[in-house]
Amino acid sequence: RSMILNGTDPVPPFPSPYLQPTAAAVTNIEFRDMEFVLTADYLLPDYRAYSGVIRILDSSELRFIRVKCSGGASGMQLYRCDVVLLDNCDLSNNDSTGFSGQCNNFVMRDTTALQNGHPSGAQTHDFYLINSSYVNIHDCLFGPSAEATADSVVIRYEEESVDALADYDEVFDVQMSDCRF
């Protein structure tokens, strides 16, 4: 399926098969000129697992252009996604992470991720990427994190997250340039 969402278009009701794919992967989605603000219910058990402002799984050809995400456990959660572009986005003021994901062929440019996290013993981050390859991050602003002892940017291999069927089993060809911390 293909879908382009602009700031003036109505957002599909949640849960939406476009934004929460189940059996079939979603392909070719563009979010442009949009602001998403979530008020996460921090009293619910395990709220962090399901309160990403934008959460997309098992999808490809995703474009986020001038998108702002705040107020959730994570601004964006993109897991097992391929061919992803974040351009001029703001992923700030979320409880755990600005961005959390597992993506191959990932490009992020001119994006801000700061003031994410909460006191948790350095377990929150502005940007967190696991088992991802062909990553290019350019001209982005990270931190300061809301948690003083946290690493603002984490890109790592995590054996527990290996999914050989989806080809997310390594960290390879990661480039960062002209970023500010």
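For the structure itself, consult the block above.
All values reported here derive from a predicted model rather than from experimental measurement.

Thresholds applied
Residues numbered from 1 in each chain as written. Predicted model: local features only at pLDDT ≥ 70, side-chain atom pairs only at ≥ 80, totals over all residues. Heavy atoms only, no water. Phe/Tyr/Trp six-rings, centres within 6.5 Å; stacked < 30°, edge-to-face > 60°. Buried < 20%, exposed > 50% of the residue type's maximum accessible area, 1.4 Å probe, protein only. Pairing = 2+ DSSP bridges. Helix = DSSP H or I, 4+ residues; strand = E, 2+ residues; numbered from the N terminus. Contact = heavy atoms within 4.5 Å. Core = buried A, V, L, I, M, F, W, Y, C linked by side-chain atoms within 4.5 Å. Patch = residues over 30% accessible without salt bridge, like charges linked within 9 Å, V, L, I, M, F, W, Y side chains within 5 Å. Areas by Shrake-Rupley, 256 points an atom, 1.4 Å probe, with all protein chains shown as cover. Salt bridge = Lys/Arg side-chain N within 4 Å of Asp/Glu carboxyl O.

Chemist: Hey, could you run me through the packing of aromatic side chains in this one?
Modeler: Here the distance between the centres and the angle between the planes together describe a pair of aromatic rings. Tallied over the entire structure, the rule returns eight aromatic pairs. Geometrically, the ring pair formed by F31 and F36 is edge-to-face, given 6.3 Å between the ring centres and 70° between the ring planes. Given the relative accessible area of 1%, F31 is considered buried. Relative accessible area serves as the criterion here: at 13%, F36 is assigned to the buried category. Their ring planes at 25° and their centres at 5.5 Å tell us that F142 and F181 sit as a pair that is stacked.

Chemist: Looking at this structure, I do not really get the pairing of strand β9 (residues 133–138). What am I missing?
Modeler: Looking along a regular strand, one sees side chains alternate from face to face of the sheet. Pairing between strand β6 (residues 97–109) and β9: four bridges, direction parallel. Bridged to F106 within β9 is V135. Pairing of β9 with strand β12 (residues 172–177) involves five bridges; the strand directions are parallel. Opposite N136, over in β12, you have Q175 as the bridge partner.

Chemist: I keep staring at the environment of N88 and nothing clicks. Help me out?
Modeler: Within the secondary structure layout, N88 lies in the loop between β5 (74–87) and β6. Residues N88 and I65, 23 residues apart in the sequence, show an inter-C-alpha distance of 6.0 Å. Contact partners of N88, with chain neighbours within four places excluded, come to R66, V67, R109, D110 and T111.

Chemist: In this structure, what is going on with the nonpolar core? I would like to understand it.
Modeler: One recurring pattern in soluble globular proteins: nonpolar side chains tend to sit buried together. One finds F64, M76, L78, L86 and F99 to be the most contacted residues of the largest nonpolar core, which totals 31 residues. Those elements that place two or more of their residues in this core are β2 (27–37), β3 (52–57), β4 (60–70), β5, β6, β8 (125–130) and β9. It is β5 that provides the largest number of residues to this core, a total of five residues. If we skip the residues at most four places from it in the chain, M76 touches I54, F64, V67, C69, L86, L91, G98, F99 and S100. Residues L57, Y79, Y128 and V154 belong to the second largest nonpolar core, which totals five residues.

Chemist: What is the right way to look at a nonpolar patch on the surface in this model?
Modeler: Together, Y157, V171 and V174 line one region of the surface with nonpolar side chains, adding up to about 220 Å² of accessible area. The topology assignment puts V174 in strand β12.

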